[in-house]
Amino acid sequence: MSTTVIPTTTYEGTRIPARVPTILDVPEELRDSEDVLRVNFGPNHPSTHGVLRLIVDLHGEEVVGVSAVVGYLHTGFEKSMESKTYWKCITFPERIDYVGYQNNELVFVLAVEQLLELEVPTKAKWMRMLLCELNRIHSHLVFLGTSALELGAISMFWYCFRERETILDLFELVTGQRMHTRYFQVGGLAEDIPQGFFPECRKFVEWMPRALDDYKGILDRNEIWLERTQGIGVLSGQDAVALGQSGPNLRASGVDWDLRRDQPYLHYEQVDFRVPVYPNGDVYDRYRVRMDEMAESTKIVRQCLDRLERMEGTPWIADDRKVVLPPREELHTSMESLIHHFKIVTEGFRVPEGEIYVAVESPRGESGCYLVSDGGPKPWRVHFRAPSFVALEATATCLHHALVADLIAVVGSLDAVMGDTDR
Amino acid sequence: MTEWPRLPGYVSHRDGPEMPTVTIETARIREACEQARDELGFDMCVDVVATDRIREACEHARDELGFDMCVDIVATDYLGWGDKGVAGYIGTSSGRDLMHPMTQGLQVLPGLKSKRFSISYHLLALRAGAPRARFQCWVDEGEHVPSVISVWPTCDWHEREQFDLMGIVFDGHPNLERLLMPEDWEGHPLRKDYPIGGEPVRFSDEQ
């Protein structure tokens, strides 16, 4: 296992703007020209997947200057979490990245568990993996459907949302919620896996490869799609690393890096999957990485199912009464359980003093949680390393000599979720 | 607010001990990073770096130690750390022992910090074992930090975000403006002395 940057067909040197890395300045010779038109793109525009504002300088059809303005969706999650007890905090990270919610939930729960030095049952780990991979497919389907829609492939959107609907139904079956499930609890899972989940999930796993073939049939030999994505929005591997890119955007630039394989968490070292890497760093390769990842995630889900089906009756949450709520039925018979229940619900559990940074591979890349505890029942400071935030830093570099029509394709291909960017 | 019992020898963070600082000449950074390389997983070494040498340390980490990527910069406000009644972990004197219910034990107060803000730089090396390191420098109100944007261009927005929400000034940043909050916003929301609910609600009865 070693990280290799495979030979790329991108550009030589660097394209990161020299003055400010995230702002593409209008070239000197055009600065006083009357041919340059400054256009405000957004903040409300259907192709920005949220409220992203781009200030674009156009010279004819060519983009000669661009600056991204973010913050329209800033809701102060980090500040709000400081005044909530840990178990109430779990609902916040999901709403940060509202497309990859299970993964964000996971990273916060993992950080708290690491500070508590809490051992999580095996079944919970496998179920977390399963849901995170389903969530990855869900997130990539939203990416694929919407970004194809923006480039004119309307039917893709309906196909993608057909499969997405099935995944949301599976989430509803397990957790009672279609989105923002809050199923991961500190110590394991909130509830046992319900009966009937496994056969339904199997049906989906059998179906998904065929759906992927359908998508490929629609797009891979579609002349318009290829023309609009190949060689557009190129980002070299070197620039991607310098700009801190992660996840599919990094792998599409030829950098072989995936935290699930290179820094395994949960039980990822026990499953068999491949990390797709493509060399060109353009919009088309970002699309191909995500397509391959959906196939790999389906494989992981199948392996998780194989394990989980044999684990019926095993515990799904740690047996640690100072942290985990006691089973409901015990409240009728045990005074001590009642006290524990009351203390955890009202005051919350206390987490030992310390600071920690935990990172997982979310659908958009490295999603990290930096958590500082002062030993009390509320976090002292929570910070999320948002992959979308970092992805948008690359817009200026990717839009080097791009046409205005390609701007839509490029911004869509970076797959930024504005809730994740602004937090 | 009721005063909570303190352990003997408790002093407030304001008159706490000096933070230990290492400079990049010492072997400690190298050792600590090698340790991180050996350890697989989430463990990260923390290196407290003298504030004025942070850029030098980052360059050293990138060029000599191979930390290709800065994944995150985050500032923390320690105003009031350990002062509140809720702070401190209740455990037994020998540490946390959950097998003994009803044990309340001693209150363990958090370790003291000598300055108000910490700025943590989370670094990642893209090679086998995924070694990670964390540099940390400490500043008080009004002190500045050198920008590391020349080392890693990705730090542009990270530094702007910390300036915006925490009010840390990064010297040498070419475009240090507010990022998430509106340009004309007053105050830095993630500071501990910035109240929750301080923003007046429009069209409420009070207006």
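Residues numbered from 1 in each chain as written. Chains lettered and ligands numbered in written order. Predicted model: local features only at pLDDT ≥ 70, side-chain atom pairs only at ≥ 80, totals over all residues.

Asker: Outline the overall build of chain B, listing residues and values.
Answerer: From N to C terminus, chain B includes three helices and eight strands. Starting at the N terminus, the α and β elements of chain B follow one another as α-β-α-β-β-β-β-β-β-α-β. Considering only contacts in chain B between residues 6 or more positions apart, those separated by 24 or more positions represent 66%. (Helix = DSSP H or I, 4+ residues; strand = E, 2+ residues; numbered from the N terminus. Contact = placed C-beta atoms within 7 Å.)

Asker: Lay out the packing of helix 5 (residues 122–150) of chain A against helix 12 (residues 283–308) of chain A with the relevant residues and their values.
Answerer: All names here are of chain A. In contact at an axis separation of 9 Å, helix 5 and helix 12 are set at 155 degrees when each is read in the N-to-C sense. Classified by the angle between their axes, helix 5 and helix 12 sit roughly antiparallel to one another. Where helix 5 crosses over helix 12, the two elements pack in a sense that is left-handed. Residue-level contacts link Lys-123, Trp-126, Met-127, Met-129, Leu-130, Glu-133, Leu-134, Arg-136, Ile-137, His-140, Phe-143 and Leu-144 of helix 5 to Arg-290, Glu-293, Met-294, Ser-297, Thr-298, Ile-300, Val-301, Cys-304, Leu-305, Arg-307 and Leu-308 of helix 12. Tallied by class, the residues present in the contact of helix 5 with helix 12 amount to 14 nonpolar, three polar and six charged. (Axes fitted to C-alpha atoms, helices over the stretch in contact; angles between N-to-C directions. Parallel < 35°, antiparallel > 145°, perpendicular 65-115°, else oblique. Left-handed = near helix turned anticlockwise from the far one by under 90°. Nonpolar A, V, L, I, M, F, W, Y, C, P; charged D, E, K, R; others polar.)

Asker: Hey, could you go over the sheet that holds strand 2 (residues 36–41) of chain A for me, with residue numbers and the actual values?
Answerer: The strands making up a sheet associate through hydrogen bonds between their backbones, and the pairing can be parallel or antiparallel. Residues and elements named next belong to chain A. On the basis of which strands lie adjacent, the open sheet formed by four strands has the order 1-6-5-2 and antiparallel pairing. On the outer flanks of this sheet lie strand 1 (23–24) and strand 2, each paired with one strand and no other. Where strand 2 lies against strand 5 (residues 53–59), six bridges are found, and the strand directions are antiparallel. The partner of Val-39 across the bridge, within strand 5, is Val-56. (Pairing = 2+ DSSP bridges.)

Asker: Account for the environment of His158(B), with residues named and values stated.
Answerer: Residues and elements named next belong to chain B. Here His-158 is to be found in helix 3 (residues 155–166). Along the backbone, His-158 and Ala-133 are 25 residues apart, and their C-alpha atoms lie at a distance of 17 Å. Each residue touching His-158, except ones within four places of it in the same chain, is listed here: Asp-72 and Ile-73.

Asker: Tell me about the nonpolar core, residues and numbers included.
Answerer: Ala111(A), Val112(A), Leu130(A), Cys369(A), Leu399(A), Val410(A) and Phe135(B) are the most contacted members of the largest nonpolar core, which has 159 residues in total. No other element matches the 14 residues that helix 5 of chain A contributes to this core. Beyond its immediate sequence surroundings of up to four residues, Val410(A) is in contact with Ile232(A), Gly233(A), Val283(A), Cys398(A), Leu399(A) and Ala402(A). (Core = buried A, V, L, I, M, F, W, Y, C linked by C-beta atoms within 7 Å. Buried ≥ 20, exposed ≤ 12 C-beta atoms within 10 Å, placed from the backbone.)

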